[in-house]
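Understanding the architecture of this molecule
Here is what each chain is made of, one letter per residue.
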Amino acid sequence: MKDESQFENQTSELPIQTRDGEFVAYYSRKGLCGLDFPDREVQQERKGNGAEITSEIQRWHEVTTRALENALAGRLVKELPPLDLSCGTDFQQRVWRVLKSIAGGKTLSYGEVADEIGARKAVRAVGRACGANPIPVLIPCHRVLASNQKIGGFSGGLDWKRKLLAREGVLLLE
DNA sequence: TAAGTGCGTCGTT
DNA sequence: AACGACGCACTTA
């Protein structure tokens, strides 16, 4: 599944104040590797372990902060920091790559995502992979709906999913 | 139509 | 071996 060296496993965490509360970003040596919603229990394994906050990470964090502000406002995200998705399996990373390609205001169904990665029938597995997305909002798993524009699920809570989609102008059925 | 049931399918635990 | 952030076919009312 994963095979990270101790070195790569080091992560630092930095807060991001937004109008929706304080998010927390996690960085590995390779890039942004996690993002938590406000008021969320910090997962043990992803929690920053006191790694040094390098100037490189500070630069990434500025990019992340801008990206998050834009995303939360439903605006176009122009730039993302490097992402470290090495915590995911091959399958999950393929799914997340598709999610990144969904433009703001657009949506795909779980089935369409499965199609994109050439695993048409792995629909439910795609749902699981979405739920395992370590960087919600910036990797827009909220833009994946069930068929017929129904909302589907969201690990961060359906309220967030509805809010994010509404700000992008996506109409839901329900 | 709308709402409910059953089941295939497959990555993950 | 069991469980989903699904999707479809197929009842019912």
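That block above? That's the structure.
All of the points below concern the structure found in this document.

About the criteria used
- Residues numbered from 1 in each chain as written.
- Chains lettered and ligands numbered in written order.
- Predicted model: local features only at pLDDT ≥ 70, side-chain atom pairs only at ≥ 80, totals over all residues.
- Heavy atoms only, no water.
- Near = heavy atom within 4 Å.
- Helix = DSSP H or I, 4+ residues; strand = E, 2+ residues; numbered from the N terminus.
- Buried < 20%, exposed > 50% of the residue type's maximum accessible area, 1.4 Å probe, protein only.
- Pairing = 2+ DSSP bridges.
- Polar contact = N/O pair within 3.5 Å; in protein donor to acceptor, adjacent residues only side chain to side chain.
- Contact = heavy atoms within 4.5 Å.
- Phe/Tyr/Trp six-rings, centres within 6.5 Å; stacked < 30°, edge-to-face > 60°.
- Lys NZ or Arg CZ within 6 Å of the ring centre and 35° of its normal.
- Arc of directions from axis to C-beta.

Let us look at the protein's contact with DNA strand C. Near DNA strand C you find 16 residues, and of these Tyr110, Gly111, Arg124, Ser147 and Gly153 are the closest. A breakdown of the atoms of DNA strand C within 4 Å of the protein gives sugar and phosphate a share of 35%. For the surface near DNA strand C, the elements supplying multiple residues, two or more each, are α4 (110–116) and α5 (123–131). In terms of residue count, α5 provides more of the surface near DNA strand C than any other element does, 7 residues in total.

A separate point is the pairing of strand β3 (residues 32–36). The buried fraction of β3 is high, at 5 of 5 residues. By the bridge criterion, 4 bridges tie strand β2 (residues 21–27) to β3 in an arrangement that is antiparallel. Bridge pairing links Ala25 to Leu35 in β3. Joining the antiparallel neighbours β2 and β3 is a turn of 4 residues, in which Gly31 adopts a positive phi near 155°.

In this section: the side chain of Asp20. For Asp20, the location among the structural elements is in the loop between β1 (12–18) and β2. Polar contacts involving the side chain of Asp20 include one to the side chain of Arg167, which spans 2.9 Å. If near-sequence neighbours (up to four positions away) are discounted, Asp20 is found in contact with Pro38, Leu72, Trp160, Lys163 and Arg167.

For the structure shown, the criterion picks out 5 aromatic pairs. Pairing Phe23 with Trp160 gives two aromatic rings, centres 5.8 Å apart and planes at 75°, and the pair type is edge-to-face. Residue Phe23 is found in strand β2, and its partner Trp160 is found in helix α6 (residues 158–168); the two are separated by 137 residues along the sequence. Phe23 gets classed as buried once you look at its relative accessible area, which sits at 0%. Ring-pair connections join several aromatic residues into one group, and the members of that group are Phe23, Phe37, Phe154 and Trp160. In this arrangement the basic side chain of Lys163 is found over the ring face of Trp160, its NZ or CZ atom lying 4.5 Å from the centre.

Turning to α5, a few remarks are in order. Because each turn of an α-helix spans 3.6 residues, side chains separated by three or four positions in sequence point in the same direction. The set of residues buried in α5 consists of Val126, Ala129 and Cys130. The buried residues of α5 occupy an angular sector of 100° when the element is viewed end-on, so they sit on one face. Exposed side chains of α5 directed beyond 90 degrees from the buried face belong to Arg124 and Arg128. Looking at the packing, one finds that the buried side of α5 touches α3 (90–100), α4 and β5 (144–145).

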